[in-house]
Amino acid sequence: MSSYRLIPSTVEKPWGRRDLPARFGLNADRRVGEIWFTAAPDMPQPLLVKYLFTSEKLSVQVHPDDAQAQAMGLAGGKSECWYVLAAEGDARLGIGLTRPVDTDALRAAALDGSIEQLIDWKPVKPGDFYYIPAGTIHAIGGGITLVEVQQNNDVTYRLFDYGRPRELHLDAGMAVSDPAPYGRLAQHVTSDSATMLVEEAGAPFTLESLVHGAGELLQPDQGPFWFIPLQGSGLIDGQPWVSGECWLIEDQADIAVAQPLHALLARPAA
């Protein structure tokens, strides 16, 4: 068998929520911020898929790229992307800065809290998509549910955390930050949009939005790939799949669609 339904695990966070969608089967006595999808430890997993549920702003943070991380003896860097599933009230994502600053000014802003005003806070709605390359200073606001696809390296440098009693990583963060505006255009991807979302030189993965009708059969190849169904149901090599899951396909698979499909398909870069 080369198709694996990945195991979801919940991660409690101070900015998490108790009102998660019923399909995740969680009770309301825990403040869950993330659901991670992972395979057996002995399986190569260069990518990690998460659902995030926010009630408050996450820390302002940054990640190194592969070369920067490996120079520090780490396995690799961390680029990521976000697809917004739900947004409440004045929901915003902080991506890049409103203007370029030098490293000294960035450090001073992180120390006195004014970095929050330097962040470019972008209003978001369901269907909005952003690719966040390593080096981009970023934060996720409250009232947002999103899917995150990232390189599977646990390397995050917090620059500011709104007074929460957690460690900051200013020296490491300054060394890898690009303290400038985010130069990419926003993408808006509805549930009936089939398009490539990440397909640029230097990106460590590709990401595609798939749309297929009931009764269709998909036979994607070029594994491994991560199949992330956001809507629909069906069978993968005879095994039932439903929305809210994540599957790792090692080589190829027959994906039968019973109810209309909208999914994300992620592949590590060649």
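Residues numbered from 1 in each chain as written. Predicted model: local features only at pLDDT ≥ 70, side-chain atom pairs only at ≥ 80, totals over all residues. Heavy atoms only, no water.

Enquirer: Just to check I follow, could you spell out the overall build of the protein for this structure?
Expert: Assigned secondary structure in the protein consists of four helices and 20 strands. Since a compact globule built from 270 residues should have a radius of gyration of about 18 Å, the 19 Å found for the protein is in line with a globular shape. Buried positions account for 51% of the 270 residues belonging to the protein. Relative to all contacts within the protein whose residues are 6 or more apart in sequence, the contacts with residues 24 or more apart total 73%. Within the structure as shown, the protein displays about 11,900 Å² of accessible surface, and the carbon and sulfur contribution to it stands at 50%. (Helix = DSSP H or I, 4+ residues; strand = E, 2+ residues; numbered from the N terminus. Rg over C-alpha atoms; globule rule 2.2 N^0.38 Å. Buried < 20%, exposed > 50% of the residue type's maximum accessible area, 1.4 Å probe, protein only. Contact = heavy atoms within 4.5 Å. Areas by Shrake-Rupley, 256 points an atom, 1.4 Å probe, with all protein chains shown as cover.)

Enquirer: For this particular structure, what's the right way to read unusual backbone geometry?
Expert: Both trends apply: most residues other than glycine have a negative phi, and most peptide bonds are in trans. The backbone of Y162 sits at a positive phi, close to 55 degrees, despite the residue not being glycine. By secondary structure assignment, the location of Y162 is in the loop between β12 (157-160) and α4 (170-176). For Y162, a relative accessible area of 24% puts it in the partly exposed group. Phi at D237 is positive, roughly 50 degrees, even though this residue is not glycine. Mapped onto the fold, D237 is located in the loop between β17 (225-236) and β18 (239-242).

Enquirer: Which parts of the structure should I look at to understand the sheet that holds strand β9 (residues 128-132)?
Expert: Backbone hydrogen bonds hold the strands of a sheet together, and the pairing may be parallel or antiparallel. Here we have seven strands laid out as an open sheet, ordered β2-β3-β4-β11-β6-β9-β13, and antiparallel in their pairing. Two strands in the sheet have a free side with no partner beyond their single neighbour: β2 (7-17) and β13 (187-188). As defined by bridge partners, β9 adjoins β13 across two bridges and the pair is classed as antiparallel. Residue pairing for β13: D128 is matched across the bridge by H188. (Pairing = 2+ DSSP bridges.)

Enquirer: How do you make sense of the layout of surface pockets when you look at a structure like this?
Expert: Left-over empty space is what a probe sized like a water molecule reveals as it rolls over the atoms. By volume, the largest pocket amounts to about 390 Å³. Looking at the largest pocket, it is lined by 25 residues, and the ones nearest its centre are E34, K50, Q61, K78 and T156. Elements that contribute at least two residues to the lining of the largest pocket include exactly β2, β3 (32-38), β4 (47-53), β6 (80-87), β10 (138-140) and β11 (144-151). Class assignment for the residues of the lining of the largest pocket results in eight nonpolar, eight polar and nine charged. Considered as a void within the structure, the second largest pocket measures approximately 180 Å³ in volume. Forming the walls of the second largest pocket are 14 residues, and the residues nearest its centre are P8, R23, F24, F37 and G244. Considering every element that reaches the lining of the second largest pocket, the biggest residue donor is β2, with three residues. (1 Å grid on protein atoms, 1.4 Å probe; cavity = no way out; pocket = protein on both sides within 12 Å on 5 of 7 lines; lining within 4 Å. Points joined across faces, edges and corners; volume = space filled by probe spheres on them. Nonpolar A, V, L, I, M, F, W, Y, C, P; charged D, E, K, R; others polar.)

Enquirer: Hey, could you run me through the environment of V189 in this one?
Expert: Within the fold, V189 resides in the loop between β13 and β14 (195-198). Separated by 61 residues in the primary sequence, V189 and D128 place their C-alpha atoms 6.2 Å from one another.

Enquirer: Got a minute to help me understand the pairing of β9 in this structure?
Expert: Looking along a regular strand, one sees the side chains alternate between the two faces of the sheet. Within β9, five of the five residues are buried, which leaves the element mostly enclosed by the surrounding structure. Side chains D128, Y130 and I132 of β9 all project onto a buried face; the interleaved residues F129 and Y131 project onto the opposite face, where all are buried too. By the bridge criterion, four bridges tie β6 to β9 in an arrangement that is antiparallel. Bridge pairing in β9 links Y83 to F129.

Enquirer: Before we go on, may I ask you to explain the pattern of salt bridges in this structure?
Expert: Two side chains carrying opposite charge are able to pair once their charged atoms lie near each other. Under the defined criterion, the tally for this structure stands at 15 salt bridges. Across the pair R5 and E245 runs a salt bridge whose closest N-O atoms are separated by 3.2 Å. Placement of R5 in strand β1 (residues 3-5) and of E245 in the loop between β18 and β19 (247-249) is noted, with a sequence separation of 240 residues between them. The exposure class assigned to R5 is partly exposed, which follows from its relative accessible area of 38%. (Salt bridge = Lys/Arg side-chain N within 4 Å of Asp/Glu carboxyl O.)

Enquirer: Sorry, what's going on with the packing of aromatic side chains here?
Expert: How two aromatic rings sit relative to each other is given by the distance of their centres and the angle of their planes. By the definition in use, this model includes six aromatic pairs. Centroid distance F160 to Y162: 5.0 Å. Interplanar angle 70 degrees. Geometry classified as edge-to-face. Residue F160 is classed as buried on the basis of its relative accessible area of 14%. With a centroid separation of 5.4 Å and an interplanar angle of 90 degrees, the aromatic rings of F227 and W241 are classed as edge-to-face. Residue F227 is located in strand β17, and its partner W241 is located in strand β18; the two are separated by 14 residues in the primary sequence. Accessibility classification places F227 together with W241 in one group, the buried group. (Phe/Tyr/Trp six-rings, centres within 6.5 Å; stacked < 30°, edge-to-face > 60°.)

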